[in-house]
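Observations on chain architecture
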Amino acid sequence: MPENIIFGIDIAKGSLHAREKPAYAVVILKNGDVEHHKMVSLHKFMRMVWKEKPSLIAVDNIYELVSDKHDLISFLEKLPPDTKLIQVTGGEQLLPLTKLARQQGLSFDRFDPNAEALICAQLSQMGVGYEVSAFEDKTVIKVSRGRSPGRGGWSQNRYRRKMHGYVRQRAREIEDSLNELSRTRGFTFSQDITERFGGYSKAEFIVDAPRNKIHIGSGKYGDVQVSVKGIERDSLVFKPLKAKKRDYIIVGIDPGTTTAVAVLTLDGELRKIHSSRTISIPEVIEMIAQEGRPLVIASDVFPTPNAVEKIRRAFNAVSSSPFEVLSAGDKIEFATPYGYSNNHERDAIAAAVSFYRKNKNKFEQIKKKIPPGVDASEAIAQVVRGKSVEAVISGLTRTQTKEPYVLVVPEKRDEETFHLRESIRKYEDIINEMKTKQEFLEKELFLRDEKMRELEELIKKQRSDIYKKLKKDKTIQIRDMDIQRLQNKISEKNRKISELNERIHKLKRVRRLEISGRVLPVKIIFSFTKDSILKTRETVGIKKDDIILLKDSSGGGTITAKMLADLGVRAIIICNDMSHAAEEELFNLGVPVLRAKDVNIQFDSTEELAVIDPDDMRNAIEDWNKKAQERRVTAKEEWLKSLVDEYRSERRRELKE
């Protein structure tokens, strides 16, 4: 695989989240030549990747190629083993592509996808960007059956034994290959084997090496399948293509149970934010050292906590604490532009940003004063450490313009004098620096004492005001609770009044119908149950000689039938069949049961009340009485007949005896 093949890619049309599939602009850097490809689909791009097998695929944002982590893992698995995916704009914190290009002395048309793809490839070629890693440096190899043995028939055991033998054979071949790799390249591995009848049903190998170093392919080999995959990480890891520049940084630290660290550049850009409950001071020092050279170690409280002071001494950095207590509002204002996950990260960012904002104008003035060719960050660092701007510029300019010279070895006495003078100059610089720092701290201490006196006066004044306010708030809270309780009680009473008014309205309507005499009111019971009877009795009332309509008479029995009869109803009208036991009970108690189809019932608009013509009711009851009388006569005849038959039967028995 040629090492100098680099792909740059940028989305040109469409979107992963739109209906239209995206098309890409692709640039290939190959042996100094540049190839442009326009409107390339992702499928065609993968064919190009496997054809050229580039060392790097550079993109300004990986989510132009994939929509989420699941798709990213699938995309990385499809790449050739030695091809790396590079996000040139950064890792977790992204920088504008235009800014990165300008830092490298490049320019491009940001509205041209082909130009963006080319600049991505060029930046990655220069070592700018981060490799996207979703897999650990471990590989899992699984060997298993290629199909299910199923229930089978007479030869099933022989087939299962044969299949398990194939799995064992393939697993041993892979084990031999891994042993060879372990011997020649120092890779280690572990294995987990599941034995079954005739061999293995499954074998799993975990190799302590990345996937591209294991030359064993996935596939299906008859009745055996082999799967070779890298082990996914819990989260994405971005590895820089080259080591970070050891530039000066401002570090904000919030110590405690949860320690938070925020790292700012001298330009005020957030380089890193991290918080953890388990991190130790040595680990914090190591993490900060990886980000750059700490110039200032800042905290958001005064005096500086011991943990922060230990970290500061480890780097011999300048200490910074705010002149006045930072309020929660100030911390939120400082940290919001950068983003944070918890209050500890917020306080760490606020500590660093507080120092940066107080010195931002001074930094800009230093950058304007220094001549071209002088390291601005070094000048700022020396000024922060206590030197004057003029002395710093003079020293750095002299260093920059110093001509090369040939060192002549002096005599022994001259050499000792030289070292003594150098030591004196060094200590003088340290003394001057300490004096400047002492003046700064004395001034800061005076301002802090003044602020403390003001705050103590303010606390005394606010204690009285707060007590009064709390007492007032407590009284208001008690009254609000009483008001709410009374309002709930009023609502319950109003609901009860509404129900009673509705009941009165229904009773008045029934009473008017009874008084008119033109029609007879029919009171409706919706189901032939005890609860329904009691509900109707409560709402419209059931009294003697009332006419009852049962909407559903199928559920009643002798108890509900006797309950209606005890109320003294005049008649019962049913809409469907009534149980034989209930109808027989009502017949015995002398309560007429009429069919709704045999009488002309008229309902109101709500179907809660009904009326019937008195003549129709009278005729229906007379018909029922006639039928009841016939039924009683028939029943009496049947009784007499049975009595005579019983007498004759007894006489025949006596004669036989």
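In this report, the structure presented in the accompanying data block is examined. (Residues numbered from 1 in each chain as written. Predicted model: local features only at pLDDT ≥ 70, side-chain atom pairs only at ≥ 80, totals over all residues. Heavy atoms only, no water.)

1. Regarding the nonpolar core
Counting residues in hydrophobic clusters, the biggest one holds 35 residues, and the most contacted among them are Ile250, Leu264, Leu295, Val296, Phe363, Ile366 and Val384. Elements that contribute at least two residues to this core include exactly strand S11 (248-254), strand S12 (259-265), strand S14 (293-298), helix H8 (328-335), helix H9 (343-369), helix H10 (376-384) and helix H11 (389-401). Top contributing element to this core by residue count: H9, with 10 residues. Once residues within four sequence positions are removed from consideration, isoleucine 250 is found in contact with Ala262, Val263, Leu264, Thr265, Leu266, Val296, Ala352, Phe355, Tyr356 and Phe363. (Core = buried A, V, L, I, M, F, W, Y, C linked by side-chain atoms within 4.5 Å. Buried < 20%, exposed > 50% of the residue type's maximum accessible area, 1.4 Å probe, protein only. Helix = DSSP H or I, 4+ residues; strand = E, 2+ residues; numbered from the N terminus. Contact = heavy atoms within 4.5 Å.)

2. Brief notes about unusual backbone geometry
Residue proline 303 follows phenylalanine 302 across a cis peptide bond; omega there is 0°. Here proline 303 lies in the loop between S14 and helix H7 (306-315). Non-glycine residue lysine 53 carries a positive phi angle of around 50°. Mapped onto the fold, lysine 53 is located in the loop between helix H1 (42-52) and strand S4 (56-59). Note on lysine 53: relative accessible area 37%, which makes it partly exposed. In this model, asparagine 316 sits at a positive phi of 55°, which is unusual for a non-glycine residue.

3. With respect to helix H15 (residues 580-588)
All of the buried residues along H15 are Ala582, Leu586 and Phe587. Angularly, the buried residues of H15 cover 135° about the axis, an arc narrow enough to put them on a single face. In this structure, H15 carries His580 and Asn588 as exposed residues pointing more than 90 degrees from its buried face. Packing partners of the buried residues in H15 comprise helix H14 (558-566), strand S18 (571-574), strand S19 (593-595) and helix H16 (614-656). Remark: glycine 590 follows H15 within two positions and exhibits a positive phi of approximately 80°. (Arc of directions from axis to C-beta.)

4. Quick look at the packing of aromatic side chains
Counted by the stated rule, this structure contains 4 aromatic pairs. Taking 6.5 Å as the distance between ring centres and 55° as the angle between the ring planes, the aromatic pair formed by tyrosine 356 and phenylalanine 363 counts as tilted. This pair shows no difference in class: tyrosine 356 is buried, exactly as phenylalanine 363 is. For the ring pair phenylalanine 587 and tryptophan 624, a centre distance of 6.1 Å and an interplane angle of 65° mean the geometry is edge-to-face. Taken together, the residues phenylalanine 587 in helix H15 and tryptophan 624 in helix H16 connect sequence positions 37 residues apart. Taking relative accessible area as the criterion, tryptophan 624 reaches 14% and is therefore assigned buried. (Phe/Tyr/Trp six-rings, centres within 6.5 Å; stacked < 30°, edge-to-face > 60°.)

5. As for the side chain of aspartate 300
For aspartate 300, the position within the fold is in the loop between S14 and H7. Ignoring anything within four residues of it in the chain, the contact list for aspartate 300 reads Asp254, Pro322, Leu326, Lys331, Asp347 and Ala351.

6. Things to note about the sheet that holds S12
Strand order in the open sheet formed by 5 strands is S13-S12-S11-S14-S15, with mixed pairing between adjacent strands. Each of the sheet's edge strands pairs with one partner strand only, and the pair in question is strand S13 (270-276) and strand S15 (318-320). Strand after strand, the sheet turns through a mean of 25° between neighbouring axes, direction not considered. Note: S11 against S14, 5 bridges, orientation parallel. Residue tyrosine 248 lies in a different strand from S14, and its bridge partner there is arginine 293. Against the sheet, H10 engages S11, S14 and S15, with an angle of about 40° to S14. (Pairing = 2+ DSSP bridges. Axes fitted to C-alpha atoms, helices over the stretch in contact; angles between N-to-C directions.)

On their own, these measurements won't tell you what the molecule is for.
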